[in-house]
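Structural overview for review
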Amino acid sequence: MITKLKSINNLAVFQNFVWNNSVVDSAGRIENFKNINIIYGRNYSGKTTLTRIVRALETGKISDKYVNPEFELCFNDNVNVTHHDLTNHGKNIRVFNEDFIKEKLRFLSNSEDSISPFAILGDNVDIEVGIKKLKQELGENKIDEESGLYLDLKNSLNNFINAKNIYETEYEQLNRKLKNKAINNPDGIKYKSHKFGDQNYNINKLQLDIKKVLDPSYSVIKDEEVISIEELLKERKKEDIRAVSRPDFSINLLSEKAKILITKPISNSNKIEQLVKDSIMNRWVKEGRQLHKNISNKCSFCGNIISQTRWNELDSHFDEESEKLENEIEKLINEINNTIANLKTTLPIDKDNFYSSYHSDINRLIKLKSQIVDKIIKELDDLIIQLNKRKDDVLNEGVFSEIFDYSIRLKWCWDIFEKMRLAANSYSNKLKTEQDKSKILLRLKEVFDFLKTIQYENEISKIDRLRSNLEAENKKKEEVEEKIKNLIVLINDKERLLKDEENGALKVNDYLNNFFGHNYLSLQALEEENQIGDKKIKFEVIRDGKKAYHLSEGECNLIAFCYFMAKLEDIDTMGIKPIIWIDDPISSLDSNHIFFIYSLINSEIVSKENYEQLFISTHNLDFLKYLKRLPGASDCTQRGYFIISRENEISNLEPMPKYLKNYVTEFNYLFHQIYLCANANAEDVEQHSLYYNFGNNARKFLEAFLFYKYPNAKKQDDKLSRFFGDNHQASSMTERINNEFSHLEGLFERSMKPIDIPEMKKTASFILKKIKEKDIDQYEALLSSIGVESSLN
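Before going into details, it helps to say that this report is about the structure given with it. All residue numbers here refer to positions counted from 1 along the written sequence of the relevant chain. Side-chain atom pairs in this predicted model are given and counted only at pLDDT of 80 or more, local residue features only at pLDDT of at least 70, and totals for whole chains, interfaces and linings cover all residues. Hydrogens and water are ignored here; the side-chain numbers use all heavy atoms of the structure.

1. Looking at the overall build of the protein chain
Secondary structure elements follow DSSP: runs of H or I no shorter than four residues count as helices, runs of E no shorter than two count as strands, and numbering proceeds from the N terminus. Looking only at helices and strands, the protein chain features 30 helices and 13 strands. Exposure categories follow from relative accessible area, calculated using a 1.4 Å probe and restricted to protein chains: below 20% of the type maximum is buried, above 50% is exposed, and the middle band is partly exposed. Across the 793 residues that make up the protein chain, the buried fraction comes to 43%. Of the contacts formed within the protein chain by residues at least 6 apart in sequence, a portion of 72% connects residues at least 24 apart. A 1.4 Å probe and the Shrake-Rupley method give the accessible areas. Residues count as covered only by the protein chains that appear here. A total of about 43,900 Å² of accessible surface is found on the protein chain, and carbon and sulfur atoms cover 48% of it. The contact criterion used throughout is that any non-hydrogen atoms of two residues lie within 4.5 Å.

2. Notes on the packing of helix α24 (residues 666–679) against helix α26 (residues 694–709)
Closest axis-to-axis distance for the α24/α26 pair is 9 Å, and the angle between their directions is 130 degrees. Considering their axes alone, α24 and α26 lie oblique with respect to each other. The way α24 lies across α26 gives a crossing that is left-handed. Packed against α24, whose contacting residues are Glu-666, Phe-667, Leu-670, Phe-671, Gln-673, Ile-674 and Cys-677, the element α26 presents Phe-694, Asn-697, Ala-698, Lys-700, Phe-701, Ala-704 and Phe-705 at the interface. Angles run from 0 to 180 degrees between N-to-C directions of axes, and those axes are lines fitted to C-alpha atoms, restricted for helices to the stretch in contact. Throughout this description, any angle smaller than 35 degrees is read as roughly parallel, any larger than 145 degrees as roughly antiparallel, any in the 65 to 115 degree range as roughly perpendicular, and the remainder as oblique. It is the rotation of the near helix from the far one that decides the hand of a crossing: anticlockwise by less than a right angle makes it left-handed, clockwise makes it right-handed.

3. Section: helix α16 (residues 407–427)
Between the first and last C-alpha of α16 there are 30 Å, a value that for 21 residues agrees with the 30 Å anticipated at 1.5 Å per step. The complete set of buried residues in α16 reads Ser-407, Leu-410, Lys-411, Cys-413, Trp-414, Phe-417, Glu-418, Met-420, Arg-421, Ala-424, Asn-425 and Tyr-427. Working rule for helices: expected span equals 1.5 Å times residues minus one.

4. Some thoughts on the sheet that holds strand β4 (residues 70–75)
Read from one edge of the open sheet, four strands run β2-β1-β4-β5, paired in antiparallel fashion. Among the strands making up the open sheet, the edge pair consists of β2 (17–18) and β5 (80–82). With six bridges connecting them, strand β1 (residues 2–9) and β4 associate as antiparallel partners. Within the sheet, the bridge partner assigned to Leu-5 lies in β4 and is Leu-73. Contacts from helix α2 (residues 47–59) reach β1, β4 and β5, with the element oriented near 70 degrees to β4. Criterion used throughout: strands pair if DSSP finds at least two bridges between them.

Below you can see the structure in the form of structure tokens.
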């Protein structure tokens, strides 16, 4: 559906027209075309120009008489059509205007040349030419002599076969690789079930595995994991691993014992002061005493005699208390060394007792245990060092350095070992299940590596491209086949249509008779045979049973419009709802015929809803009156009312004024023009058309107004005198303007003189003032009809 004529330029009276600047209501809102659109415009205002724009979309061309024409139409499906492309819009459009009449009914311009042009009325010539073109397009279907579409079909078929062969070759090559990988003996996955499982493996299962490894969530196992899995597959069920004792080392107890011994004080009474102060000397004397006692009283170092007194002093110095402390220290050192020896053998772990899947964890546990044992031994060695230091200086109290007890961590290692031992013993029951899972992992990696080796994804992409190319070639082939099929049907339909054109004439006659009562005027179909024996139908216009000549303008218009209405049911339009534009169909028709035109539009188009969108343009106010009676005329969402106004050489399209939209007669329109003239700004050049048309508008208005006001007066001058009364200036000015400005006959020089604007405005004011004085009620009603609020309110 057309929403707006967005812009028009260089098209007759339409110059630099912009819809959004012109087609706005009083509130400044942009109005668009509706479902049914009524357009009013005086003759030569530009109605036909608008239809030529729309008909260009129907015919695909616009008159070459226009110089650089530009236009743009907007549709409700966000499609814009411009003068640059008139053939690819896909819209169904039917336009009735004078160009349609000239093209389809050329006989109207030359009654002597009626026979051949009447064939155009039934479109027989167009059909024959069309059939010839269609057959040329179809071509010949002889082997090795194909032409037209048959040659296209041959070429597209060859292209399709080539594309099919290339695709199938590539597809089969890839399929052969997949088949070999799946079931080829001896290297296929099927024949390595000891490693990959599934002795019934086949290409379908391979396709499923391919889908898995190509999934983004798939993560291929690493080479080191493959080694672990292969080791797992070698596993056989093992004996249960025996429990080991939980480590029970009291490192803190040894530390407390050492602390007591190292810090234990020794009594200083009867001690040799020099030896107490010198631990090295003390140790040297102690060793010498042990070497000489009960052996010799003579000193082996100096050779002097050791007196009994000296022996007593030495015995008092090296008394039982210090001897005891030394023994206790030695005993504790031995205990610590035993503990160290036990630590080195505690929590024995043999990883060979475990399944290979546990080996990495077992290795970490062994390493952890070794590190903890080393730390404990280091702390115990520190205890031994401190004890030896006190032992060497037994007479003096030592300072104890605390050690850290790591033995609790050794117990944690045992807890971990115990869990792993129990898990490993339990694992024996699910070894086969784990091995089966591992085989699947190995198989998927094998598939993954295989795809990488053959560049599977590249192959698939290549095959997809070949498949797309095959589908494209097949589509081209099918399109050509469909074109041939449709062309054959169309040729048959058009050949049949040559014989059925008489129905078109009968339809036109049906409209002429039933709607207009023209039994004496009709179309007659005549069958002729040409030189090559082909038969065709031609039309003749018949009046009173004889071939008609010198048709009146009204008769031509009736035949043309009935022909257009019949064409809305032709083979090209049947089954679709077109956008219809009917331009001024009532020219030279009397009031009865005007009503019949309206009735035909109402019954055959509007009531049957055989349209997508309807446009009707007219210059006739009586016809406009009837158009306002169309069903739903008051629905502003479905009906659009517009007016074409022309000022000098420029026309504009605007929303229809309220007085013209809501009221029927021309009387309201003329009153509005007089009112505008009386209130216009004389300096506004845009108001020129008001003054230019004022004489004609005032004359027609006063003729109607004074006829009903003074039906007994014989002359217009008498009516003006009675109307204006004593105001002789008003009557004389009005008479002069009516005579001189509404006619140029006999006063051609007036057309070469400037318009007397002040005189126009003054006369318009006289007319309004006198109507107000004569009949205030009528004056108020006239103001209301043109949308002007009364000054009395």
